[in-house]
Amino acid sequence: MKNNRRPRFKNVNHGGNFCQTFYADKTSVANASTVQVTSVELYFRNKPAEKINVSGIKKPGVTLHICETDPNNNNSPLPRKIHRDGYARVDYDNINTSNNASSSTKFTFSKPVSIDTDTVYGILICIDGGDKGYQIYKLTTGETNANGVLGVVNKGKLDGKLYKITNGSLLKPNSDTDLKIKVNIAKYSATSKNVKLKP
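Presented here is an overview of the structure given in this document.

## Overview of the overall build of the protein
Inference 1: Per the secondary structure count, the protein includes 0 helices and 14 strands.
Inference 2: Listed N to C, the secondary structure of the protein is β-β-β-β-β-β-β-β-β-β-β-β-β-β in terms of helices and strands.
Inference 3: Of all 199 residues assigned to the protein, the portion counted as buried reaches 37%.
Inference 4: Looking at the protein alone, contacts between residues at least 24 apart form 78% of all its contacts between residues at least 6 apart.
Inference 5: Accessible surface, the protein: about 12,300 Å² in total, of which carbon and sulfur atoms supply 46%.

Right under this line is the structure:
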């Protein structure tokens, strides 16, 4: 029998700048085998000037993708292997900044992104023109964060890592640093309704 189901992931050239991996923990979602990601929140410290900036792009925005990782290579991201539905963009004017990491910017997917649990995925961040005027809050071991808390980044096998991407695919991991992110998933409730059928 021919399988007509579309694959979840596809090969794409994206121009990503950073990738933060995360583990979809099955035990935190009542042992569900899959979850539907509705949005991801990033926390920006700064954003570039509207016109005169490093990229030369007027009001550069930010795009986000969900990508696969390679379980045979320490769950390293596969930045060209992105989820078909895992695309979200926020334009310049809608990106929030704060001086204490209290305000987030929500990247909402057009429809929920289905991913398997007990699996590591990557959040791929693509900044227009790679503009370095954007600064995203991160936590580094041994450094004090915006709220005065000393950073301690977990180093377990399935904990996330932050990667810097160069030349579109070359990865440089930083195991002592994580971006501050929030991954939101759909929550469903079952309801019943009686329907009267006419003969």
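## Let's talk about the environment of threonine 21
Inference 1: With respect to the helices, strands and loops of the structure, threonine 21 is situated in strand β2 (residues 18-24).
Inference 2: Taking C-alpha positions, threonine 21 is 6.0 Å from isoleucine 123, a pair spaced 102 residues apart along the chain.
Inference 3: Of the polar contacts made by the side chain of threonine 21, one reaches the backbone nitrogen of lysine 161; its length is 2.7 Å.

Basis of the calculations
Residues numbered from 1 in each chain as written. Predicted model: local features only at pLDDT ≥ 70, side-chain atom pairs only at ≥ 80, totals over all residues. Heavy atoms only, no water. Helix = DSSP H or I, 4+ residues; strand = E, 2+ residues; numbered from the N terminus. Buried < 20%, exposed > 50% of the residue type's maximum accessible area, 1.4 Å probe, protein only. Contact = heavy atoms within 4.5 Å. Areas by Shrake-Rupley, 256 points an atom, 1.4 Å probe, with all protein chains shown as cover. Polar contact = N/O pair within 3.5 Å; in protein donor to acceptor, adjacent residues only side chain to side chain.

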